[in-house]
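Commentary on secondary and tertiary structure
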Amino acid sequence: MGTESLSERVEALVAAAELVVLALTNQAERVDGDVVVGARRLVDVAELICTRAICRFDDGRSFSDEGHVDLSAWLAANTHARRSEGLTRRAHGKVLDQLPMFAAAFSKGAVGQGHLKVLSSAVTAERVPVAVKQEAVIVEAAVSLSVHQFSQFMNHWVALCDDSLNDPDAGDEALLVKRSLSLHELADGMWRISGVLDPLSGETVRAALEAAMPKRCEGDRRTVPQRRHDALVDVCAESLTNSDRPIVGGERPNVTVLINANSGLAYTPQRFYLSSITRDMLLCDATVTSVWLDTTGKPFDVGSPSTDIPARNRRAAIARDQCCRYLGCGRPSRWTEIHHMTHREQGGNHDVSNLVTLCRFHHRFAHKHQLTLEWDSDGVTLVIRWPNGQTIHAPPTPSATLVA
């Protein structure tokens, strides 16, 4: 092996790894815990090899010979890496060079890639001198703690380090620089949110979502992530309905829905079709501007925003109901929408007697299952009828009874 080049050694490692993948794929051998631990160790070794190789390559500036402006561009063009990986690998390599004791622990498998990511994030340029002096303590913590525990340890270390540098605000400033939020539309019409929040903002968002997340009630089979998703939408929807929102393009922020007058199909401006359930929900009560299209797809009418329920009627319905009126829910009125008991396509009007407050989940539930809602003879008990004839009665809250 001594006469082989680095390139040949790496190729040999890749070939050996491919044989192991083949064995695992064919289920030729039994997989026990040692195999899993060894495979995970292999991941850390591969990460270390990759980081060291990229940093050495970057030192030689070889990427410029191929017409690339920097290492990140070269990586993106020649590997499956994202452009940001070059900077990340370079930062990891710098930490390994500055903290040789940690690098040795990594090479021996005493710590892993997760520990390196945490350390690289914490040890900024101004903190390097302190980290060098306290390297033994840092390595001892990394070896004995899980990645999550080590992250907590380094958060505490950063606070103490910045205090020792007589710059208490340095830690906050470094974290604020990292904050970001991205919103991407996917090919199937879904959206992906990704981002990093600074500590205070993270706590703020967490508290807001917890406050907006409803308690489970009968029929609610949503997972916690799904309920958190719905809570985020509720918070944003409440913001859009705020009369103090700024004017954008001559009107308050709202959602636009395109509707084909011939087929009744509705879709977003990006041409992703909405189900009839979603369409009916939006037209029932949401900040939506409906754009009607003829058979050729040309707009021939723009309806006024569908939140044209008179404000006094909306306030009266909310004052009467106080919460989502579906049996067992009780979600506060601030998180509810107005549902028309007799749908507007069927001649339903905006009279208070035809309105009821439902949370977003039960609003969709009512449309999806084609529930019939009406008031009982007392005028405040909600009667909910299913298409199969099943009937349930939802009595009002005591406060709603007093208002009525």
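Per chain, residues are indexed from 1 in the order of the written sequence. Residue-level local features of this predicted model are given only where pLDDT is at least 70; pairs of side-chain atoms are given and counted only at 80 or more, and the full residue set underlies all totals for whole chains, interfaces and linings. Water and hydrogen atoms play no part in the side-chain values, which are based on all heavy atoms of the structure.

The criterion for an aromatic pair is that two Phe, Tyr or Trp rings (for Trp, the six-membered ring) have centres within 6.5 Å, with stacked assigned to planes under 30 degrees apart, edge-to-face to planes over 60 apart and tilted to the rest. The full count for this structure, using the stated rule, is five aromatic pairs. Look at Phe 365 and Trp 386: their rings are 5.6 Å apart centre to centre, the planes differ by 80°, and that puts the pair in the edge-to-face class. Here Phe 365 is found in helix 15 (residues 360–368), whereas its partner Trp 386 is found in the loop between strand 11 (382–385) and strand 12 (391–394), with 21 residues between them in sequence. In this structure an aromatic cluster arises from ring pairing among Tyr 326, Phe 361, Phe 365 and Trp 386. A run of H or I in DSSP counts as a helix once it spans at least four residues, and a run of E counts as a strand once it spans at least two, with each numbered from the N terminus.

Turning our attention to empty space enclosed by the protein. Buriedness of a pocket was judged along seven lines, with at least five required to meet protein on both sides within 12 Å; pockets are open sets of points on a 1 Å grid over the protein atoms alone, cavities are sets where a 1.4 Å probe fits but cannot get out, and lining residues have an atom within 4 Å of a point. Grid points are joined across faces, edges and corners, and a volume is the space filled by probe spheres set on the points. Evaluated as defined, the whole model comprises two cavities of 30 Å³ or more. The calculated volume of the largest cavity comes to roughly 50 Å³. For the largest cavity, the full set of lining residues is Pro 214, Arg 222, Asp 230, Asp 234, Arg 331, Cys 359, Arg 360 and Phe 361. Secondary-structure elements contributing two or more residues to the lining of the largest cavity are helix 12 (224–240) and helix 15. Here the term charged refers only to Asp, Glu, Lys and Arg, the term nonpolar to Ala, Val, Leu, Ile, Met, Phe, Trp, Tyr, Cys and Pro, and the term polar to all other amino acids, Gly among them. Across the lining of the largest cavity, the residue classes break down as three nonpolar, no polar and five charged. Reported here for the second largest cavity is a volume of approximately 30 Å³. Its residues assigned to classes, the lining of the second largest cavity shows five nonpolar, one polar and four charged.

Once that is clear, we can look at the sheet that holds strand 10 (residues 372–375). Spatially, 10-11-12 is the arrangement adopted by the three strands of the open sheet, whose pairing is antiparallel. Of all the strands in the sheet, the pair left with one neighbour each is strand 10 and strand 12. Across the sheet, the axes of successive neighbouring strands diverge by a mean angle of 20°, strand direction being ignored. Should DSSP find at least two bridges between two strands, the strands are taken to pair. With four bridges joining them, strand 11 and strand 12 adopt antiparallel strand pairing. Opposite Val 383, over in strand 12, you have His 393 as the bridge partner. Note on definitions: angles span 0 to 180 degrees between N-to-C directions of axes, and those axes are lines fitted to C-alpha atoms, for helices only across the stretch in contact.

To continue, consider the state of the cysteines. The term disulfide is used for any two cysteine sulfur atoms that are within 2.5 Å. Per the counting criterion, the structure on display carries zero disulfides. Here Cys 359 is not disulfide-linked; the sulfur of Cys 324 is the nearest cysteine sulfur, at 3.8 Å. Of the residues examined, Cys 359 reaches a relative accessible area of 2% and is grouped as buried. Buried residues are those whose accessible area, probed at 1.4 Å on protein chains only, stays under 20% of the maximum for their type, while exposed residues exceed 50% and partly exposed ones sit between those limits.

Notably, Gln 322 is not glycine yet its phi reads approximately 70°, a positive angle. Of note, Gln 322 is situated in the loop between helix 14 (311–321) and strand 8 (336–340). Residues other than glycine seldom take positive phi values, yet Gln 370 does so here, at roughly 55°. Following the sequence through the fold, Gln 370 ends up in the loop between helix 15 and strand 10.

Here we come to the pattern of salt bridges. Any carboxyl oxygen of Asp or Glu that lies within 4 Å of a side-chain nitrogen of Lys or Arg is treated as forming a salt bridge with it. Applying the stated criterion across every chain yields a total of 13 salt bridges. For Asp 44, the salt bridge identified is with Arg 40, shortest N-O distance 3.3 Å. One end of the pair, Asp 44, and the other, Arg 40, are both in helix 2 (residues 33–59), four residues apart, so they sit about a helical turn from each other. Accessibility expressed as a relative area gives 10% for Asp 44, which makes it buried.

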